[in-house]
Amino acid sequence: GENEATVEFLEWIKEQVEEMRAAEGTVKHYRTLVDRLRQFGKMKEWKDLTTANICKWDAWLHGLKARQSDAEAKAGVVAPFISDAAVYNYHKCLKALLNRAVMFDMMERSPYDKLKGQFKRGEQENVEYLTEEEVSAIVGIHPLAGSQMAVARDLFVFQLYTGLSYSDAQAFDIKDYKQVDGKWVNVGKRVKTGVAYVSQLLPPAVDVLEKYGMQLPKIGNADYNHCLKALGIAAG
C-alpha cells in the first residue's frame, strides 16, 4: 500500500482531530489549531516540522493580535486577543499530536524534544476574584423574569456558590446528589479532567435550583459570556 507519510501533515492532523473521542470543547481547540496552522502556512508538510519552525510558530502566535484587520475582527476570524495561556494551549495541542505521529511512525522524533520547558503557560501574578461587595452587587441585579439575562444571572450565582465551571454547571443533574441531614451532597467527576470532587449545595445555589424546578436551564457559552459582560456593567 501507499506509504502513510505521503499524507500531508495538515491533512493527517485534520483526520486525527475528526477521530478524537474527546469533550466537544477539546475537539474545538484542536480544530482551531488546524485553522491556525493553515494561517501560519509554514508547517504544511512533514519536512516542515523543525524546531526552528516551531519557534517561528510561537513568535507568529504572539504577533497575531498586532496583525488582525478590522474586517477579520468583525467576522470573528481571528480572536482579537491571544493570551499567553492561549499560545501555551496551541503548543500543548500540537505537541500531543506530534507525539501521536511519532507513536504511529509518521516521523522519527518530535521537534518539541529539543524545546523542553521552553514554552510556559503565562502565569497571572494576582488571581482575579470577586469581593463580597461585588458578589452582592451581582446577586442584587434582578433582570426581567424569564429573560436570557435572568437565566445568566441565576447560573452565575449558582457557579459562585458551587465553584462549578461552565461545562460542569451545564452537565449538572440533581439526581447525582443525595440529601444527608437536610443538605444536598454529591461526589462527582470534573467533565474536562475526570478528577473526583465532593460538593455540597449551599443555600443560594439551592434557591436557584428551586426556582427552576431543581433543573438548571441551558444556555450557550457565547450567549452566556455576552450576558455576563452586560451583568458586569450593570453591577458596575
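Reading the values: the criteria
Residues numbered from 1 in each chain as written. Predicted model: local features only at pLDDT ≥ 70, side-chain atom pairs only at ≥ 80, totals over all residues. Heavy atoms only, no water. Helix = DSSP H or I, 4+ residues; strand = E, 2+ residues; numbered from the N terminus. Contact = heavy atoms within 4.5 Å. 1 Å grid on protein atoms, 1.4 Å probe; cavity = no way out; pocket = protein on both sides within 12 Å on 5 of 7 lines; lining within 4 Å. Points joined across faces, edges and corners; volume = space filled by probe spheres on them. Nonpolar A, V, L, I, M, F, W, Y, C, P; charged D, E, K, R; others polar. Buried < 20%, exposed > 50% of the residue type's maximum accessible area, 1.4 Å probe, protein only. Pairing = 2+ DSSP bridges. Salt bridge = Lys/Arg side-chain N within 4 Å of Asp/Glu carboxyl O.

A. Examining the overall build of the chain more closely. The secondary structure content of the chain amounts to ten helices and three strands. Element order for the chain, N to C, with α for helix and β for strand: α-α-α-α-α-α-α-α-β-β-β-α-α. Across the chain, the fraction of contacts at a sequence separation of at least 24, relative to all contacts at a separation of at least 6, is 60%.

B. Region of the structure containing the layout of surface pockets. Taken as a whole, the largest pocket encloses approximately 860 Å³ of empty space. In terms of lining, the largest pocket is formed by 23 residues, of which the most central are G25, K28, H29, N221 and N225. Those elements giving two or more residues to the lining of the largest pocket turn out to be helix 2 (24-40), helix 5 (84-103), helix 8 (166-170) and helix 10 (221-234). Here the lining of the largest pocket is composed, by residue class, of ten nonpolar, nine polar and four charged. The wall of the second largest pocket is formed by E128, Y129, L130, E134, A137, I138, F156, L228, L231, G232, A235 and G236. Considering only residue class, the lining of the second largest pocket consists of eight nonpolar, two polar and two charged.

C. Structural detail: the pairing of strand 2 (residues 183-189). The alternating pattern of strand 2 places W184, N186 and G188 on a buried face and K183, V185, V187 and K189 on a face that is not buried. Looking at chain direction, strand 1 (residues 177-180) and strand 2 are connected through four bridges and run antiparallel. Counted as the bridge partner of Y177 is N186 from strand 2. The hairpin turn running from strand 1 into strand 2, its antiparallel successor, is two residues long, and D181 in that turn takes a positive phi close to 50°. In the sheet, strand 2 pairs with strand 3 (residues 196-200) via five bridges, with the strands oriented antiparallel. Its bridge partner lying in strand 3, V187 is registered against V198. Here strand 2 folds back onto strand 3 in antiparallel fashion, the turn holding six residues, of which G194 has a positive phi close to 75°.

D. Broad picture of the pattern of salt bridges. In total, this model carries eight salt bridges according to the counting rule given. Put simply, D48 and K47 hold a salt bridge, and the shortest N to O gap is 3.8 Å. Between D154 and R153 there is a salt bridge, and its shortest N-O distance comes to 2.7 Å. The burial state of D154 is the same as that of R153; both residues are buried.

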